[in-house]
Each structure stands twice: as C-alpha cells, then as structure tokens.
Amino acid sequence: MQKELQNFFKEINGGKLRGYQKIIANALNIDVTAVSKWSSGVAKPSEDNIRKMANIFKKSQEELERIFNNNSKVQSYKNRNELDFYKKELVLRDEMIALLKDKIKVLEDKNKSLETKLKNK
C-alpha cells in the first residue's frame, strides 16, 4: 500500500493503521472485503464510494481519486490474463482462509468437549 493511502487511513483512524477497514466499511455501509481490496490495490472504489468518503472524511473527491488510482495494481498488469490470474489467486486465498477458520473452530469445539469431559471425571 502506498504511503499516501496509508496516511489517509491513519488520519481517519486516529493515527493508527489497524482497524481502518472496519471504520470505512461501516461509514459506507459496505463489506470490509471491498475496503481490503482497495487497500491492496486489487480494486478501486466506485465514484459513488469516493464521493461518500470525501463527504464523510472531509477530503476532496479529486484527492481521493488520485490516491486510490496511484495505489491501484490494476494499472500495472501487462495484460488481462495476468490480472485474471491474480484475482483467482485472491479468491483461492480467501477460500483457504475460510477453510482454516472452520478447521480451527472444529478443533476448538473438540478441545472444549474434552475439557468438559475431564472436569466431569
């Protein structure tokens, strides 16, 4: 993520980078994954979302468009196939994360069950 975008996120989040995605998502009434894609440069916010952010966070629409355009990885891909491949990688990564979270949940449930059995003995 480019420095200028980081500074914008810190500015709206009291000087911290952590947690800005939730703040923006809540302010715009959108999913956090959309903000994550903007941050990583995979996608850019729509004109409507840029306009809303400009109003909410007291920035000019032109400034936000420039910041997000400069952060965009979409512009740097040599061809459409490379971009499509990158997007598929992100989908697979998200699916893997979901599977791992499910696995962790199952293991936590088993652990709680075992702890309960041990307490009852």
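Scroll up to find the structure.
Residues numbered from 1 in each chain as written. Predicted model: local features only at pLDDT ≥ 70, side-chain atom pairs only at ≥ 80, totals over all residues. Heavy atoms only, no water.

Draft legend 1. Region of interest: helix α1 (residues 3-12). Looking at α1, one finds that the buried residues are Leu5, Phe8, Phe9 and Ile12. One side of α1 carries all its buried residues, which in axial view fall inside an arc of 95 degrees. If you follow the buried residues of α1, they end up packed against α2 (20-28), α3 (32-40), α4 (47-57) and α5 (61-71). Taken from the residues just after α1, Gly14 is the one with a positive phi, measuring 60 degrees. (Buried < 20%, exposed > 50% of the residue type's maximum accessible area, 1.4 Å probe, protein only. Helix = DSSP H or I, 4+ residues; strand = E, 2+ residues; numbered from the N terminus. Arc of directions from axis to C-beta. Contact = heavy atoms within 4.5 Å.)

Draft legend 2. Geometry of the packing of α2 against α4. Closest axis-to-axis distance for the α2/α4 pair is 10 Å, and the angle between their directions is 105 degrees. By the angle class used here, α2 and α4 are roughly perpendicular. Note on element contacts: α4 touches α2 through Asn49, Lys52, Met53, Ile56 and Phe57, opposite Ile23, Ile24, Ala27 and Leu28. Considered class by class, the residues forming the contact of α2 with α4 number 7 nonpolar, 1 polar and 1 charged. (Axes fitted to C-alpha atoms, helices over the stretch in contact; angles between N-to-C directions. Parallel < 35°, antiparallel > 145°, perpendicular 65-115°, else oblique. Nonpolar A, V, L, I, M, F, W, Y, C, P; charged D, E, K, R; others polar.)

Draft legend 3. Expanded view of unusual backbone geometry. Its identity is not glycine, yet Asn29 carries a phi of approximately 60 degrees, on the positive side. Tracing the chain through its elements places Asn29 in the loop between α2 and α3. One non-glycine residue, Lys58, adopts positive backbone phi at about 55 degrees. One can find Lys58 in the loop between α4 and α5.

Draft legend 4. Expanded view of a nonpolar patch on the surface. A surface patch of nonpolar side chains, about 310 Å² in accessible area, is lined by Met96, Leu99 and Leu100. Mapped onto the elements of the fold, Leu99 is located in helix α6 (residues 80-120). Given the relative accessible area of 54%, Leu99 is considered exposed. (Patch = residues over 30% accessible without salt bridge, like charges linked within 9 Å, V, L, I, M, F, W, Y side chains within 5 Å. Areas by Shrake-Rupley, 256 points an atom, 1.4 Å probe, with all protein chains shown as cover. Salt bridge = Lys/Arg side-chain N within 4 Å of Asp/Glu carboxyl O.)

Draft legend 5. View of the environment of Asp94. Within the secondary structure, Asp94 sits in helix α6. Along the primary structure Asp94 and Ala34 are separated by 60 residues, whereas in three dimensions their C-alpha atoms are 13 Å apart.

Draft legend 6. Broad picture of the packing of aromatic side chains. One pass over the structure, following the stated rule, counts 5 aromatic pairs. Both rings, one in Phe9 and one in Tyr20, keep their centres 4.0 Å apart while their planes meet at 15 degrees; by these two values the pair is stacked. Of this pair, Phe9 sits in helix α1 while Tyr20 sits in helix α2, and the two are 11 residues apart along the sequence. We classify Phe9 as buried; its relative accessible area is 0%. Here the aromatic cluster, defined as three or more aromatic residues joined through ring pairs, consists of Phe8, Phe9, Tyr20, Trp38, Phe57 and Phe68. (Phe/Tyr/Trp six-rings, centres within 6.5 Å; stacked < 30°, edge-to-face > 60°.)

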